[in-house]
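Geometric and topological summary
Residue strings, one per chain:
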Amino acid sequence: MEENEGGKRYKINLDPRILELLGLGLYTNIYYILAELIANAYDANAKNVYILQKDDRLIVEDDGNGMSYTDGDIGVYLNVAAETRTGKHDEYVKGSDKKRKRMGRKGVGKLAALSVSEDVKIMTVRDGEKSGFILSRIVSDDHLLKPVLESEIKFEKISGNGTSISMMQPQYKLHKTIKAVRNNILKIFPLVDSDFKIHVKSERGETTIDSFEKEIISGLGGLIILGDEYNHLFRYFDSQLSDKELERKELKVVLPAYKKVMELKCRSGQVQEFTLSILGWIGVYRTTSGKKADVSDFPDNFISLLSNKKLGEYNILPMIGKNYLNEVYVVGQLHVDLFEESVLPDIALSNRQGYKSDDDRYQAVIKYIREELLPKVLSLRVKYANSVKDEKNKEKDRLNIEREGDLREKIDEFKNQASSTAAAAISDSLKESEGGDADYLVDAIKEAINVHLPDMGIKKKIDAAKKKLLISHASKDKSVCDFIYGLLVFSGIPEEDIIYTSSENEQSRVPQKMPIFDYLREFFVESYSTEKILVFYVTSDDMVQSWPAVSEVGAGWITKSTHDIVNINTHEPRKPLDIDCEWANVKKDSNGIVSLSQIEADKIAIKIIYACEQLGYSSKPKDLVIQEIKRTANIES
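Residues numbered from 1 in each chain as written. Predicted model: local features only at pLDDT ≥ 70, side-chain atom pairs only at ≥ 80, totals over all residues. Heavy atoms only, no water.

1. Focus on the overall build of the protein chain
Along its length, the protein chain carries 15 helices and 23 strands. Long-range pairs, those at least 24 residues apart, make up 69% of the contacts in the protein chain with a sequence separation of at least 6. Here the protein chain displays about 30,900 Å² of accessible surface, and carbon together with sulfur accounts for 50% of that area. (Helix = DSSP H or I, 4+ residues; strand = E, 2+ residues; numbered from the N terminus. Contact = heavy atoms within 4.5 Å. Areas by Shrake-Rupley, 256 points an atom, 1.4 Å probe, with all protein chains shown as cover.)

2. A look at the confidence of the model for the protein chain
Averaged over every residue, the pLDDT of the protein chain is 82; residues scoring 70 or more account for 79%. Within the protein chain, helix α10 (residues 458-463) has the poorest average pLDDT of any element, 46, and strand β12 (residues 258-265) the best, 96. Taken as a whole, residues 459-465 scores under 50 in pLDDT and shows 10 contacts with residues more than four places along the chain or in a different chain. (pLDDT = per-residue confidence, 0-100.)

3. Description of the nonpolar core
The biggest cluster of nonpolar side chains holds 113 residues, and the ones touching the most others in it are Ile-51, Phe-189, Ile-198 and Trp-281. If one sorts the elements of this core by residue count, helix α8 (residues 360-433) sits on top with 12 residues. If we ignore the near neighbours within four places in the chain, the residues touching Ile-51 are Leu-34, Ile-38, Leu-58, Ile-59, Val-60, Leu-174, Ile-185, Ile-198, His-199, Val-200 and Lys-201. In this structure, Cys-481, Ile-498, Ala-601 and Ile-629 belong to the second largest nonpolar core, which totals 36 residues. (Core = buried A, V, L, I, M, F, W, Y, C linked by side-chain atoms within 4.5 Å. Buried < 20%, exposed > 50% of the residue type's maximum accessible area, 1.4 Å probe, protein only.)

4. Quick notes on helix α6 (residues 244-251)
Residues of α6 that are buried include every one of Leu-246, Glu-247 and Leu-251, and no others. Viewed end-on, α6 has its buried residues packed into an arc of 100°, placing them on one side of the element. (Arc of directions from axis to C-beta.)

5. What to know about the pairing of strand β21 (residues 584-588)
Of the two faces of β21, only the one carrying Ala-584, Val-586 and Lys-588 is buried; Asn-585 and Lys-587 on the other face are not. Relative to β21, strand β20 (residues 563-568) runs parallel, the two being bridged by three bridges. Across the sheet, residue Asn-567 finds its bridge partner in β21, namely Asn-585. For β21 and strand β22 (residues 594-597), the ladder comprises two bridges, and the chain directions are antiparallel. Counterpart to Lys-587 in the pairing with β22 is Ser-595. (Pairing = 2+ DSSP bridges.)

6. Description of the sheet that holds strand β8 (residues 197-202)
Ordered by their spatial adjacency, nine strands build an open sheet running β1-β6-β5-β4-β7-β3-β2-β8-β9, and the pairing between neighbours is mixed. With one partner strand each, in any of the chains shown, β1 (10-11) and β9 (205-209) form the two edges of the open sheet. Two strands pair when backbone bridges link them, and strand β2 (residues 48-54) and β8 are joined in this way by five bridges, in the parallel orientation. In the strand pairing of β8, Asn-48 is matched with Lys-197. Sitting on the sheet, helix α2 (residues 30-43) touches β2, β3 (57-62), β7 (162-168) and β8, and the angle it makes with β3 is about 25°. Set on the sheet, helix α4 (residues 178-188) makes contact with β2, β8 and β9; between it and β9 the angle comes to about 25°. (Axes fitted to C-alpha atoms, helices over the stretch in contact; angles between N-to-C directions.)

7. Regarding the sheet that holds strand β23 (residues 634-636)
Spatial ordering of the open sheet is given by β18-β17-β19-β20-β21-β22-β23, a layout of seven strands whose pairing is mixed. If you trace the sheet from one side to the other, it starts and ends with β18 (498-499) and β23, each paired once. In this fold helix α14 (residues 598-614) packs onto β17 (469-472), β19 (534-539), β20, β21, β22 and β23, with an angle of close to 100° to the strand it touches most, β22.

8. Focus: the pattern of salt bridges
As enumerated under the stated definition, the model contains 26 salt bridges in all. Of the charged contacts in the structure, one is a salt bridge between Asp-477 and Lys-588, with a shortest N-O distance of 2.9 Å. Of this pair, Asp-477 sits in the loop between β17 and α11 (478-491) while Lys-588 sits in strand β21, placing them 111 residues apart in sequence. Both residues of the pair, Asp-477 and Lys-588, belong to the buried class. Where salt bridges share partners, they join Lys-8, Glu-129 and Glu-150 into one cluster. (Salt bridge = Lys/Arg side-chain N within 4 Å of Asp/Glu carboxyl O.)

9. Digging into the packing of α11 against helix α15 (residues 622-632)
Look at α11 against α15: their axes get within 10 Å of each other, and the N-to-C directions meet at 145°. Classified by chirality, the crossing of α15 by α11 is right-handed. Contacts from Phe-483, Leu-487, Phe-490 and Ser-491 of α11 reach α15 at Leu-624, Val-625, Glu-628, Ile-629 and Thr-632. In terms of residue class, the contact of α11 with α15 is built from six nonpolar, two polar and one charged. (Left-handed = near helix turned anticlockwise from the far one by under 90°. Nonpolar A, V, L, I, M, F, W, Y, C, P; charged D, E, K, R; others polar.)

10. Considerations on the packing of aromatic side chains
Following the criterion strictly, the structure yields 11 aromatic pairs and no others. For the ring pair Phe-189 and Phe-196, a centre distance of 5.9 Å and an interplane angle of 45° mean the geometry is tilted. A residue is classified by how much of its surface remains accessible, and Phe-196, at 1% relative accessible area, is buried. Centroid distance Phe-339 to Tyr-362: 6.3 Å. Interplanar angle 35°. Geometry classified as tilted. Here Tyr-362 lies in helix α8 and Phe-339 lies in the loop between β16 (330-335) and α8, a separation of 23 residues in the sequence. (Phe/Tyr/Trp six-rings, centres within 6.5 Å; stacked < 30°, edge-to-face > 60°.)

11. Structural notes on the packing of α11 against α14
The geometry of α11 relative to α14 is characterised by a closest axis approach of 10 Å and an angle of 50° between their N-to-C directions. By the angle class used here, α11 and α14 are oblique. Both α11 and α14 take part in a crossing whose hand is right-handed. Contacts between α11 and α14 involve Ile-484, Leu-487, Leu-488 and Ser-491 from the first element and Ile-604, Ile-608, Ala-611 and Cys-612 from the second. Class assignment for the residues of the contact of α11 with α14 results in seven nonpolar, one polar and no charged. (Parallel < 35°, antiparallel > 145°, perpendicular 65-115°, else oblique.)

12. So, the environment of Lys-244
Following the sequence through the fold, Lys-244 ends up in helix α6. Relative accessible area serves as the criterion here: at 40%, Lys-244 is assigned to the partly exposed category. A polar contact is formed between the side chain of Lys-244 and the side chain of Asp-238, at a distance of 2.9 Å. (Polar contact = N/O pair within 3.5 Å; in protein donor to acceptor, adjacent residues only side chain to side chain.)

13. Points about unusual backbone geometry
In this model, Lys-575 is joined to Pro-576 through a cis peptide bond whose omega is 15°. Among the structural elements, Pro-576 can be located in the loop between β20 and β21. One non-glycine residue with positive phi stands out, namely Asp-55, at about 55°. Following the sequence through the fold, Asp-55 ends up in the loop between β2 and β3. The backbone of His-143 shows a phi angle near 65°, a positive value even though the residue is not glycine. By the element assignment, His-143 lies in the loop between β5 (129-136) and β6 (144-147).

14. Concerning the environment of Asp-541
Its place among the elements puts Asp-541 in the loop between β19 and α13 (547-559). A polar contact is formed between the side chain of Asp-541 and the side chain of His-571, at a distance of 2.9 Å.

15. What about the pairing of strand β4 (residues 119-126)?
A large share of β4 lies buried, amounting to six of its eight residues. Between the end of β4 and the start of β5, which pair antiparallel, lie two residues, with Asp-127 showing a positive phi angle near 50°. Bridge count between β4 and β7: six bridges; the pairing is antiparallel. When the bridges of β7 are listed, Lys-121 appears paired with Ser-166.

Written as structure tokens, this is what we have:
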């Protein structure tokens, strides 16, 4: 076996056959693998971790302590079977002044990269000393690894101490959009802040991840905090309800950390008392719009269990839930450090994707969440939904009263003008013969109009819940239309005022058993209201092949309905659409993922705000609309 400078020999302390087997099946997801490598960087007291997709390599690089061959760090690293945390003496990360608890324990996380790559290049620097070797699924009988020449040991992003893990020709690449990569890493490794940042760079862009809670908490409509140390999360919470008193008293809940004293058997065999503590947060989303993950993603709807700040099990919701409809809004992260107590048996599965379900600690946690915590958070969803409904009903009532007032004024004006005109004509005619009293005739005509006015059905037509906006589209463009629909509702237009035939909300779909063209005819042509429907045409190559969508364009042109255009990809909208005005352009890939530039995001926001104003609703401020756009679509840099 080749030796590196200084006679360094890198010998792995593990049977090569076991290494080959574990490398292929230990992990089931690229992000679990990244989480293990990020955790190693955290345990090395790193401040920054860089995840780089470069050519045919996937690199994880950190600016931590690095490893020294001379001091024995490399030997410890290659002793795969040895536990890295056995008691209180090694509970904290070296050099962190007891601010970071060590995440690693089993000592097998270093094998994670082998799950996607047959060969992994390890390069590390500690106080100027360079070491490097190739970790491989297939190792020679003498267990010696191929060294990396010191002259070849170079980092991509850091200088000084640190470690680089380079997966050569990995079987999987990062997700195609940088936003999806960011979201997945945040869910699988949420422990990021100003002292521990994760930087991601791929062919599709780059991003820095330094806050998990801020991004997810800002999308909640109700939040429960367990333990005072998580009270700071409330600074990011905004239900976006006008009733701030309800938000303060009902939707922001602080509970003490759950505690339970348990007698548990230590690894030594002794039975001792321990206190099981559950801290963290759990909440309900305002909406699930835009949260449809593909098969490579982690769902946005989850309850995670963490210990020592590291993810232990991503989602226990399927285990504790009862299949209630409101459970799709639930999200949370709960910390149970007793799971990682060094003197107790290790209950984490070898791939860090769950815990041993028969352990007393795990059973106690599941019981509390299922029986006490989950019902509490589901009640928040009911309160939030009822408040949203009340606000919409109040706005609807206000508009109905306003419309009725306008109608009354117009009818009074009509009666006065019609009566006066008719009376004058009749009076002139009578004067030519026997004479007549014009005032008497006016009153008589008004009374006659009043008697027969209901026959016109005007009030009934106006007061009916007339739809105000149509999203005209092809069904294949549903993901873009969901995006537009979500922004319209977010900005203040009630679902019941929108016709969107592909909507998952029944209030916006065409009533059952009613032909779509009959339904649209009522709003395009046959309504007595002088208000014309506002149309959002979502144009695309698929749209021009859709007969219903093309028919809607024709109907809108005939009735001269006000409209706006959101175009997809490289399609060019055509007349009779108003192509002389600026339209917005978005991109949609084969998976339905929506992306757009900063400029197009601004155009979309302006169009959404304009729609609200046209329909008589007060829109959310532009900065909040753009913030929602960034939350529900991928913004290109």
